[in-house]
Amino acid sequence: MLNLYNSYTNSLREVELSKDEVKIYLCGPTVQSSPHIGHGRSSVVFDFFIRYLKYLDCNVQFVRNITDIDDKIIIKSAQQNIEFQELAKKVAAEFKDAYDSLNCLTPDIEPKATEYIDEILNYIKKILDKDMGYVSESGVYFDTAAFSDYLKLSGRKLDEVISGTRVDILDDKKAPEDFALWKFAKEGEPYWESVWGKGRPGWHIECSAMINAILGKDIDFHCGGNDLIFPHHENELAQSKAAYPDNEFVKHWLHNGMINLSGKKMSKSEGNIKILKDYIDQYGGDVLRFYFLRAQYRSPQEFSEELLIESKTTYKKISDFVIDSKPQPKNDELLSLFEECMNDDLNTPKLIGEIFTQMNNATNLENGMLDDIKATVKYIFEILGFTFKKNVTKKVSIEDTEKFFNQYEIIFDSVEQAMSEFLKIREKHRVEKNYQIADEMRTNVLEIGIKIEDGNKDGWSWNNN
Ligand SMILES: [Zn+2]
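Residues numbered from 1 in each chain as written. Predicted model: local features only at pLDDT ≥ 70, side-chain atom pairs only at ≥ 80, totals over all residues.

**Comments concerning the domain arrangement of the chain**
(1) Moving on: Domain annotation for the chain reports domain 1 (3-256), domain 2 (261-383) and domain 3 (398-464).
(2) Moving on: Here the C-alpha centre of domain 3 lies 26 Å away from the C-alpha centre of domain 2.
(3) Moving on: The interface of domain 2 with domain 3 comprises 4 residues on the first partner and 4 residues on the second.
(4) Moving on: For the side of domain 2 that touches domain 3, the per-class residue count stands at 1 nonpolar, 1 polar and 2 charged. (Domains from an automatic or database assignment. Contact = placed C-beta atoms within 7 Å. Nonpolar A, V, L, I, M, F, W, Y, C, P; charged D, E, K, R; others polar.)

Written out as structure tokens, the structure is:
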């Protein structure tokens, strides 16, 4: 049985899945600047989750939004002297590239806020009709005092929320904790027409309105980083309960932990942002995925270059182990260990430990059993979205190619000459029964985009993709 930690109840709860339809909404990016490691973590850990649900035969409906209008997008596009749409489009493309490189499943629907303005306006109207919002000088606001369960999701105290709220001189809200549903446009800002005045949607209302429009009044899982619990998800919940008081809105709130650098939270205000693409280019999507797999999704995860190098080495052990196998569910024990770990709040670090134990024990097994373990390990990793492809996004330079062959004391002249020498060295290791070194060479050469094909009576061949 699948057990997951629900941020609303603050407890591990058994999940009842109706396999016919599992509705998932994941808060996507505000497309104002390039994706960082934290965005990578959120997309990959929930990708593990969605892939696991699919493995359990669930018919998943997965929606992830794009916030393409927001104060920061307006400010940044003005600084860059471009239209806000242009910045949003450019950054959204960067996110798409990153998701693809990390092999994250494409959502069934990926709505943009600006495409749902009518739905957002109708939703605000519904809240005002219920007397849970008001119009003031600067915009339309949610009246938090009218919602008795406010702060139940985050568990925050009202006075800490108030003291954490920036008080603006122009603030014309009834209470500091009230939040904007619709912001009236200032001079020169983009706007849409509304009965209350020209403006743009607040951040929180877009998710409530798009969830409602696309997935309906109730969903199974609402996911996002735990930095979204307050205020974003708290406010989404308030809006949705205001508009539809008889509905639960979300069955399970799932939140992933943050990325830390030397114990400090990675954030723009700390000035320690790590750009995702830099690491994808250097290590490839699989290694990044494996790094994320090493921490349980709710825990904070430390990030450093050393940890990525370590992930690369460990992942290579797995990919070496399964290199010649076809992914198949052959070993029942290993499969039930897989399910046990995933059912335990997606305990992926435990899963890695179990897999390594099996891999280590397997060295003593006879060939048939060993092959079954290999096939099953590969099967599990493919379920979790690993491709076992080398870093295909990276173009290999001549310098890198030379450097690669130099490690084997081969002077590079052409790929043909260097590979012929490389295969000779490898064959020597095979003859001397140094199979581990030979296997490693076969994996290593994938780094420069060369795949060694199975040996046959004509000898070993290779191809260069
Ligand atoms: Zn959201």
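**Brief notes about the packing of helix H10 (residues 305-322) against helix H16 (residues 435-444)**
(1) Moving on: Interhelical geometry of H10 versus H16 gives an angle of 105° and a closest axis separation of 10 Å. In this view, H10 runs roughly perpendicular relative to H16, as classed from their interaxial angle. Here H10 contributes Lys 316, Ser 319 and Asp 320 to the contact with H16, which in turn contributes Asp 439, Glu 440 and Thr 443.
(2) Moving on: Residues of the contact of H10 with H16, tallied by class, amount to no nonpolar, 2 polar and 4 charged. (Axes fitted to C-alpha atoms, helices over the stretch in contact; angles between N-to-C directions. Helix = DSSP H or I, 4+ residues; strand = E, 2+ residues; numbered from the N terminus. Parallel < 35°, antiparallel > 145°, perpendicular 65-115°, else oblique.)

**Overview of the sheet that holds strand S11 (residues 259-261)**
(1) Moving on: As summarised here, the arrangement of the 3 strands in space is S12-S11-S13, forming an open sheet in which the pairing is mixed. One side of each edge strand has no neighbouring strand; the edge strands of this open sheet are strand S12 (264-265) and strand S13 (301-302).
(2) Moving on: Where S11 and S13 come together, 2 bridges link them in parallel fashion. Looking at S13, one finds that Ile 259 is bridged to Gln 301. (Pairing = 2+ DSSP bridges.)

**Quick look at the pairing of strand S10 (residues 250-256)**
Look at any regular strand and the pattern is simple: side chains alternate between the two faces of the sheet.
(1) Moving on: Most of S10 sits inside the fold, with 5 of its 7 residues counted as buried.
(2) Moving on: When strand S9 (residues 219-225) meets S10, the two strands line up parallel, connected through 6 bridges. Bridging across to S10, His 222 finds its partner in Trp 253.
(3) Moving on: With helix H7 (residues 229-243) bridging S9 and the parallel S10, this β-α-β connection has right-handed handedness. (Buried ≥ 20, exposed ≤ 12 C-beta atoms within 10 Å, placed from the backbone. Right-handed = clockwise from strand over helix to strand, strands pointing away.)

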